[in-house]
Amino acid sequence: SSKITNAKTIIENRYSDSLFSIESVAEESQISTTYLRREFHRAYGISPVAYLKDIRIKRAMQLLLTHNLTVTKIAEMCGYSSTSYFIQDFHKFVGESPNRYRQRLRF
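Residues numbered from 1 in each chain as written. Predicted model: local features only at pLDDT ≥ 70, side-chain atom pairs only at ≥ 80, totals over all residues. Heavy atoms only, no water.

> For this particular structure, what's the right way to read the packing of helix 2 (residues 22–29) against helix 3 (residues 33–44)?
Between two packed helices, both the angle of their axes relative to each other and the distance between the axes serve to describe the pair. Relative to each other, helix 2 and helix 3 sit at 100°, their axes nearing to 9 Å. Considering their axes alone, helix 2 and helix 3 lie roughly perpendicular with respect to each other. Contacts from Ile22, Glu23, Val25 and Ala26 of helix 2 reach helix 3 at Thr33, Leu36 and Arg37. Here the residues of the contact of helix 2 with helix 3 sort into 4 nonpolar, 1 polar and 2 charged. (Axes fitted to C-alpha atoms, helices over the stretch in contact; angles between N-to-C directions. Helix = DSSP H or I, 4+ residues; strand = E, 2+ residues; numbered from the N terminus. Parallel < 35°, antiparallel > 145°, perpendicular 65-115°, else oblique. Contact = heavy atoms within 4.5 Å. Nonpolar A, V, L, I, M, F, W, Y, C, P; charged D, E, K, R; others polar.)

Written out as C-alpha cells, the structure reads:
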C-alpha cells in the first residue's frame, strides 16, 4: 500500500528525532497504529519499531567508524534521548558496546 510505503519513508527521514514515534508515523500517514504495525510487518517482514531501531543503530555504526564524536553525541544524532538506552540497544544489536566496536574496527 502507498500509505505503508509512505510510512517507511517517514521513518527513514525522521529517525534522528528523539521525539519521533510510531504513533506520529501513523498519524502523519493517516492510518491507525494497529494497521501500520500489521501492514508494515506484512510488507517488510519487520515491525516499524524494529525498523526504526535498525536504521538508528546502522547509522550509529557508520558514525562510530567515520567520526571522532562522543558516544553521547552519536546517540543524540541517531534519535536517542538517553545515552544508556542507546548503549543497551547497540549492544543487543551488535553484540558489543559502541566504544568496543569503534576500537576494534578503527585501529
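More follows now that the structure is in view.
> Please explain the pattern of salt bridges as it appears in this structure.
Note that side chains of opposite charge can pair when their charged atoms are close. Here the structure, examined in full by the defined rule, presents 9 salt bridges. Here Glu23 and Arg37 are joined by a salt bridge, their closest N and O atoms 3.4 Å apart. With Glu23 in helix 2 and Arg37 in helix 3, the pair connects residues that are 14 residues apart, well separated along the chain. When its relative accessible area of 43% is taken as the criterion, Glu23 is described as partly exposed. A relative accessible area of 36% places Arg37 in the partly exposed class. (Salt bridge = Lys/Arg side-chain N within 4 Å of Asp/Glu carboxyl O. Buried < 20%, exposed > 50% of the residue type's maximum accessible area, 1.4 Å probe, protein only.)

> Where do I start with the nonpolar core in this structure?
Core analysis: the biggest nonpolar cluster contains 15 residues, and Ile11, Phe20, Val25, Leu36 and Phe40 have the highest contact counts within it. For this core, the secondary-structure elements that each account for two or more residues are helix 1 (2–14), helix 2, helix 3 and helix 4 (48–66). By residue number, the principal contributor to this core is helix 1, which donates 4 residues. Ignoring sequence-local partners within four residues, the contact set of Phe40 consists of Ile4, Lys8, Ile11, Tyr35, Gly45, Ile46, Ser47, Pro48 and Tyr51. Grouped together as the second largest cluster of nonpolar side chains are 13 residues, Leu63, Leu64, Cys78 and Tyr80 included. (Core = buried A, V, L, I, M, F, W, Y, C linked by side-chain atoms within 4.5 Å.)

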